[in-house]
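In case you want the letters, here they are:
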Amino acid sequence: MRQRTTRLIGAAGSLALAGTLVACGSSSSDTDAPLSNAAGTSDAKHPEWSKYTFTIGDNGGDGSQELARLTGVFDKAPYHVKFARFTYGPPLVQAAASGDIDLGSVGDVPPITGAAKEYGFKVVAVNRSLTPDQAVENIIVPKGSKLRTAADLKGKKIAVPQGSSAHGLALNALKSVGLTPEDVKLVFLDPAAGATAFNTGKVDAWSIWNPQSAIAVKNGARVLVKGLPPIDQTSSYYVASDTSLKDKTKRAALTDVLKRLSREFAWAVRNPDKYAQALSKEQGIPLDDAKASLAAYSNRVTPVEQSDIELEQKLADAFLAAGQITKKVDIKPITDNLLPAGYDSSKLKVTS
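Below: a short report on this structure. Owing to the predicted nature of the structure, the values given are computational and were not obtained by experimental measurement.

**So, the overall build of the protein chain**
(1) Moving on: The helix and strand tally for the protein chain stands at 11 helices and 13 strands.
(2) Moving on: Looking at the protein chain as a whole, 58% of its 352 residues are labelled buried.
(3) Moving on: Counting only contacts in the protein chain whose residues sit at least 6 apart along the sequence, the fraction spanning at least 24 positions is 81%.

**Quick notes on unusual backbone geometry**
(1) Moving on: Note that the residue after N210, namely P211, is joined by a cis bond; omega there is 10 degrees.
(2) Moving on: The topology assignment puts P211 in the loop between β10 (205–209) and α6 (212–218).

**Overview of the nonpolar core**
(1) Moving on: Counting 44 residues, the largest nonpolar core has F74, Y79, L103 and Y238 as its most contacted members.
(2) Moving on: Elements represented by at least two residues in this core include exactly β3 (53–59), α1 (64–71), β4 (80–86), β6 (121–129), β12 (236–241), α8 (248–270) and α9 (272–283).
(3) Moving on: Top contributing element to this core by residue count: α8, with 9 residues.
(4) Moving on: Those residues in contact with Y238 that lie beyond four places of it in its chain are L103, G104, S105, K122, V123, V124, A125, N127, L258, L261, F265 and V301.

**Quick notes on the side chain of S145**
(1) Moving on: Inspection of the secondary structure puts S145 in the loop between β7 (137–141) and β8 (157–160).
(2) Moving on: A relative accessible area of 13% means that S145 is categorised as buried.
(3) Moving on: From its side chain, S145 meets the backbone nitrogen of L147 in a polar contact 3.1 Å long.

**Description of the sheet that holds strand β11 (residues 222–226)**
(1) Moving on: On the basis of which strands lie adjacent, the open sheet formed by 5 strands has the order β9-β8-β10-β7-β11 and mixed pairing. At either end of the open sheet lies a strand with only one pairing partner, and these are β9 (185–188) and β11. The mean inter-strand angle of the sheet, taken between neighbouring strand axes irrespective of direction, is 30 degrees.
(2) Moving on: Note: β7 against β10, 4 bridges, orientation antiparallel. Pairing of E137 across the sheet is with W209, part of β10.
(3) Moving on: Helix-sheet contacts for helix α4 (residues 165–176) involve β7, β8, β9, β10 and β11, and the interaxial angle to β7 is about 65 degrees.

**Observations concerning the packing of α4 against helix α11 (residues 306–321)**
(1) Moving on: Contact geometry for α4 and α11: axes closest at 11 Å, N-to-C directions at 75 degrees. It follows from the interaxial angle that α4 and α11 lie roughly perpendicular. Between α4 and α11, the contacting residues are H167, G168, L171, N172 and K175 on the first element and L315, A318 and F319 on the second.
(2) Moving on: Residues belonging to the contact of α4 with α11 are distributed by class as follows: 4 nonpolar, 3 polar and 1 charged.

**Details of the pattern of salt bridges**
(1) Moving on: Per the stated rule, a full pass over the model turns up 14 salt bridges.
(2) Moving on: Residues R85 and D58 are paired through a salt bridge, measuring 3.1 Å at the closest nitrogen-oxygen approach. Residue R85 is found in strand β4, and its partner D58 is found in strand β3; the two are separated by 27 residues along the sequence.
(3) Moving on: The buried category is assigned to D58, whose relative accessible area is 0%.
(4) Moving on: With its nearest N and O atoms 3.6 Å apart, the salt bridge here joins R85 to E282. In this pair, R85 is assigned in strand β4 and E282 in helix α9, connecting sequence segments 197 residues apart.
(5) Moving on: Residue R85 is classed as buried on the basis of its relative accessible area, which comes to 12%.
(6) Moving on: On the accessibility criterion, E282 (11% relative accessible area) is buried.

Here is what the cut-offs are and how they apply
- Starting afresh in each chain, residues are numbered from 1 along the sequence in its written order.
- Per-residue local features are limited, in this predicted model, to residues with pLDDT of at least 70; the limit for side-chain atom pairs, both in listing and counting, is 80 or more; totals at the level of whole chains, interfaces and linings are taken over all residues.
- To get the side-chain values, take all heavy atoms of the structure and skip hydrogens and water.
- Helix and strand assignments follow DSSP, with helices taken as H or I runs no shorter than four residues and strands as E runs no shorter than two, numbered in order from the N terminus.
- Partly exposed residues are those whose accessible area sits between 20% and 50% of the maximum for their type, while under 20% is buried and over 50% is exposed, using a 1.4 Å probe and protein chains only.
- What makes two residues a contact is simply this: any of their non-hydrogen atoms within 4.5 Å.
- Here the nonpolar core consists of buried residues drawn from Ala, Val, Leu, Ile, Met, Phe, Trp, Tyr and Cys, with membership extended through side-chain atoms lying within 4.5 Å.
- Any pair of N or O atoms that falls within 3.5 Å is considered a polar contact. Within protein, one atom must be able to donate a hydrogen and the other to accept it, and sequence-neighbouring residues count only if both atoms are side-chain atoms.
- Any two strands with at least two DSSP-identified bridges between them are counted as paired.
- Lines fitted to C-alpha atoms define the axes here, with helix axes fitted over just the stretch in contact, and angles between the N-to-C directions of these axes take values from 0 to 180 degrees.
- Convention used here: angles under 35 degrees read as roughly parallel, angles over 145 as roughly antiparallel, angles from 65 to 115 as roughly perpendicular, and any remaining angle as oblique.
- Under the convention adopted here, Pro, Cys and the residues Ala, Val, Leu, Ile, Met, Phe, Trp and Tyr are nonpolar, Asp, Glu, Lys and Arg are charged, and Gly plus all remaining residues are polar.
- Whenever a carboxyl oxygen of Asp or Glu lies within 4 Å of a side-chain nitrogen of Lys or Arg, that contact is scored as a salt bridge.

Here's what the structure looks like:
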């Protein structure tokens, strides 16, 4: 089936860019698409799914929409699919809670800040880094900065996207050296505004993910704190709307959506040059910059495990203790696995 693109109007103010990829169960003429004949579940047809249109939240240009076009993974899906672009995680979680999107991937903090506001969503799967020894986000300082350790951040201005995984990194980095948010000046800025503040010297440090971190370092910035355990996670989480999960038939179809997404990313990991091209196109960055940050996007999709719940609970408790949220968040009740036990997208057989 030939792809068609349209526009999607999402929740007011939440979408930085919105585009859609429409797919359905008609016959395909895209014979070169490597995953056009790959089913997310069994080979059985599901005509009852044809009434559904699923909106997938694309967090900052993760390559999902362009990869879907390249691989054809949704070409013969018995439902329609749309993609909606978000600049970072908290608005995506809010959109899932309100039912404006059905599924999307975010960092470790947005589910916590979302649950603190009683949003109607669940954590349904995990994106685990295939390169867990490489940080996907960092606290960086400008070229020539005299700051050398996290302790040197005392009294300094740190740009951070509020409620994001980078917010969690900043909080835990401060805690690791005995500092609190009151000991610094957290300047809450979205990624674009953070880049401007960092590049013009209006802040002393910036807690941010790749590719922004990698690009800044390439241009002379220095990593002050790496986003690695024990102060940071290298995993991210899929969230889904409660309204999609509560309907048995729609839930089954959404599971198929997630499996197809995991399959396209498994293909991307095996085709890094094309993956970098997809990221470059979606993010509007040079190909070399996309290649430099590729490790941050190389993941395997699995169910949520008890260890993930424990890590998220520890982070949620830290946010509450630091006064960054005002309500205690229990992680287990907002977890609802869509994938079967033992599922691991890195073990999928995909054509190259």
